[in-house]
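# Geometric and topological summary
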Amino acid sequence: MKTNNKTEKVSFKQAFIDYWKGYVDFQGRTTRAGYWWMQLTFFLSGLVFIVIIFSQVAISDSINDNYETDIAIMVFLAVILLTWLVLFLPSLALTIRRYRDVGLRGRGFLVFLGVQIILNISIFVEIVNVFDNFDTDFNSPLYSVGILGIALINHLISIALLILTLLPSNQLTISPESNGFMKFFLRTKESELDNKVINTDSLVITTPSNAQITMSEENSSSTTDSDR
């Protein structure tokens, strides 16, 4: 089932329902309100959880109970892992629906995500190399510039994707006449007929004799015949 927010005025309740309804929905759309309501929920929930855990750790330290401190830390890590496993798919689907609503296709987002994964792996590999060849590589200006360049590109992509979540619906949509490269990344504009509502009560039918009969007149005529 596709999750489609048609208006920016999405309540917290509706955003919460759509989040779980679209658990693996990567084809629908989510507006700014629907997206940021959930981000606020994640932030506040995480903040409350961190306060509770660190309060428990502080209490355990004050009474020199290392066993309870270790238990609190283990619970903290276990809950984080479990929460990540549960929320990974719906959060990814929510993000892709937000980008689709702006105009960026899901496959376009996956390209940027793939680039970021490659950059992060490169940074990790280079950091490992720092410890293996600290005296030779770390002091090299070229090496430092390379690490900083990779990190900068990664951060720029992250900032660009963040900005996309702040844009209104259909901000990046393109015309159907655009080239294939643009269509790969961006969604085309919807036809006006897709959003047009036809009022059947005032539908006009033209007969071969050029006489115009309204639908409402036909309905009233058929009602009169049935009464007879």
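Here the structure is shown first, and the text comes after it.
Residues numbered from 1 in each chain as written. Predicted model: local features only at pLDDT ≥ 70, side-chain atom pairs only at ≥ 80, totals over all residues. Heavy atoms only, no water.

### Re the side chain of Asp101
The line we're drawing: Secondary structure elements follow DSSP: runs of H or I of four or more residues count as helices, runs of E of two or more count as strands, with numbering from the N terminus. For the purposes of these results, a polar contact is taken to be a pair of N or O atoms within 3.5 Å, where, inside protein, one atom must be able to donate a hydrogen and its partner to accept one; residues adjacent in sequence count only when each atom of the pair is a side-chain atom.
Summarising the element assignment, Asp101 is placed in helix α3 (residues 66-102). Within polar-contact distance, the side chain of Asp101 engages the side chain of Arg98 at 2.6 Å. Reaching out from Asp101, the side chain makes a polar contact with the side chain of Ser169 at a distance of 2.6 Å.

### Observations regarding the nonpolar core
For clarity, the cut-off: The criterion is simple. A nonpolar core is a set of buried Ala, Val, Leu, Ile, Met, Phe, Trp, Tyr and Cys residues joined through side-chain atoms within 4.5 Å. The buried label goes to any residue with under 20% of its type's maximum accessible area, the exposed label to any with over 50%, and the partly exposed label to all in between, with areas taken from a 1.4 Å probe on protein chains only. Contact criterion: two residues are considered in contact whenever any of their non-hydrogen atoms come within 4.5 Å of each other.
Counting residues in each nonpolar core, the largest one holds 11 residues, listed as Ile96, Tyr99, Leu104, Phe109, Leu119, Ile157, Leu161, Leu164, Ile174, Phe185 and Leu186. When contributions to this core are tallied by element, the ones reaching two or more residues are α3, α4 (106-132) and α6 (141-166). Those residues in contact with Leu119 that sit more than four places away from it in its chain are Ile150, Ile153, Asn154 and Ile157. Counting residues in each nonpolar core, the second largest holds 5 residues, with Tyr19, Met38, Leu87 and Leu94 among its members.

### Some points on the packing of aromatic side chains
Here is the rule we go by: Pairing of aromatic side chains requires ring centres within 6.5 Å, counting the rings of Phe and Tyr and the six-membered ring of Trp. Pairs whose planes differ by under 30 degrees are stacked, by over 60 edge-to-face, and all others tilted.
Taken as a whole and assessed by the stated rule, the structure comprises 14 aromatic pairs. When the centroid spacing of 6.3 Å and the interplanar angle of 70 degrees are considered together, the rings of Phe16 and Trp20 count as edge-to-face. Taken together, the residues span about one helical turn, with Phe16 and Trp20 both in helix α1 (residues 12-21) at a distance of 4 residues. Pairing Phe184 with Phe185 gives two aromatic rings, centres 5.1 Å apart and planes at 75 degrees, and the pair type is edge-to-face. We classify Phe184 as partly exposed; its relative accessible area is 36%. Residue classification places Phe185 among the buried residues on the basis of a relative accessible area of 18%. Each member of the aromatic cluster is reached from another via a ring pair, and the members are Phe12, Phe16, Tyr19, Trp20, Tyr23, Trp37 and Phe42.

### Focus on the pattern of salt bridges
Defined as follows: By convention in these notes, a salt bridge is any Lys or Arg side-chain nitrogen within 4 Å of a carboxyl oxygen on Asp or Glu.
Enumeration over the complete set of coordinates arrives at 1 salt bridge. Salt-bridge contacts for Asp101 lead to Arg98; the nearest nitrogen and oxygen are separated by 2.6 Å. You can see Asp101 and its partner Arg98 sitting in helix α3, 3 residues apart, about one turn around the helix. With relative accessibility at 2%, the residue Asp101 sits in the buried group.

### Focus on a nonpolar patch on the surface
Note the cut-off: Grouping into patches uses exposed residues only, defined as over 30% relative accessible area, and leaves out salt-bridged ones; the cut-off is 9 Å for like charges and 5 Å for nonpolar side chains (Val, Leu, Ile, Met, Phe, Trp, Tyr). In this description, accessible areas are obtained by the Shrake-Rupley approach with a 1.4 Å probe, and a residue is regarded as covered only by the protein chains that are shown.
Together, Phe12, Phe16, Trp20, Trp37, Leu40, Phe43, Leu44, Leu47, Val51, Leu82 and Val86 line one region of the surface with nonpolar side chains, adding up to about 1,000 Å² of accessible area. Going through the elements one at a time, α1, α2 (32-62) and α3 are the ones with two or more residues in the nonpolar patch.

### What to know about unusual backbone geometry
Within the chain, Asn170 stands out as a residue other than glycine whose phi angle is a positive 60 degrees. By the element assignment, Asn170 lies in the loop between α6 and α7 (180-185). Taking relative accessible area as the criterion, Asn170 reaches 36% and is therefore assigned partly exposed.

### What to know about α1
Residues spaced three or four apart along an α-helix face the same direction, because each turn holds 3.6 residues. The following threshold applies: Taking the helix axis as origin, the arc is that swept by the directions to the C-beta atoms.
Among the residues of α1, Ala15, Asp18 and Tyr19 are the ones counted as buried. Projection of α1 onto a plane perpendicular to its axis shows the buried side chains occupying an angular sector of 105 degrees, all on one side.

### Here's the deal with the side chain of Thr173
Tracing the sequence through the fold places Thr173 in the loop between α6 and α7. One polar contact links the side chain of Thr173 to the main-chain carbonyl oxygen of Asn170, over a distance of 3.0 Å. Those residues within four positions of Thr173 in sequence are excluded, and the remaining contacts are Val102, Gly103, Arg187, Thr188 and Lys189.

### Concerning the environment of Leu186
Relative to the helices and strands, Leu186 resides in the loop between α7 and α8 (192-195). For Leu186, a relative accessible area of 14% translates into the label buried. Remark: the alpha-carbon pair of Leu186 and Phe109, spanning 77 residues in sequence, is separated by 9.7 Å. Residues within four places of Leu186 in sequence aside, it is in contact with Gly103, Leu104, Arg105, Leu172 and Ile174.

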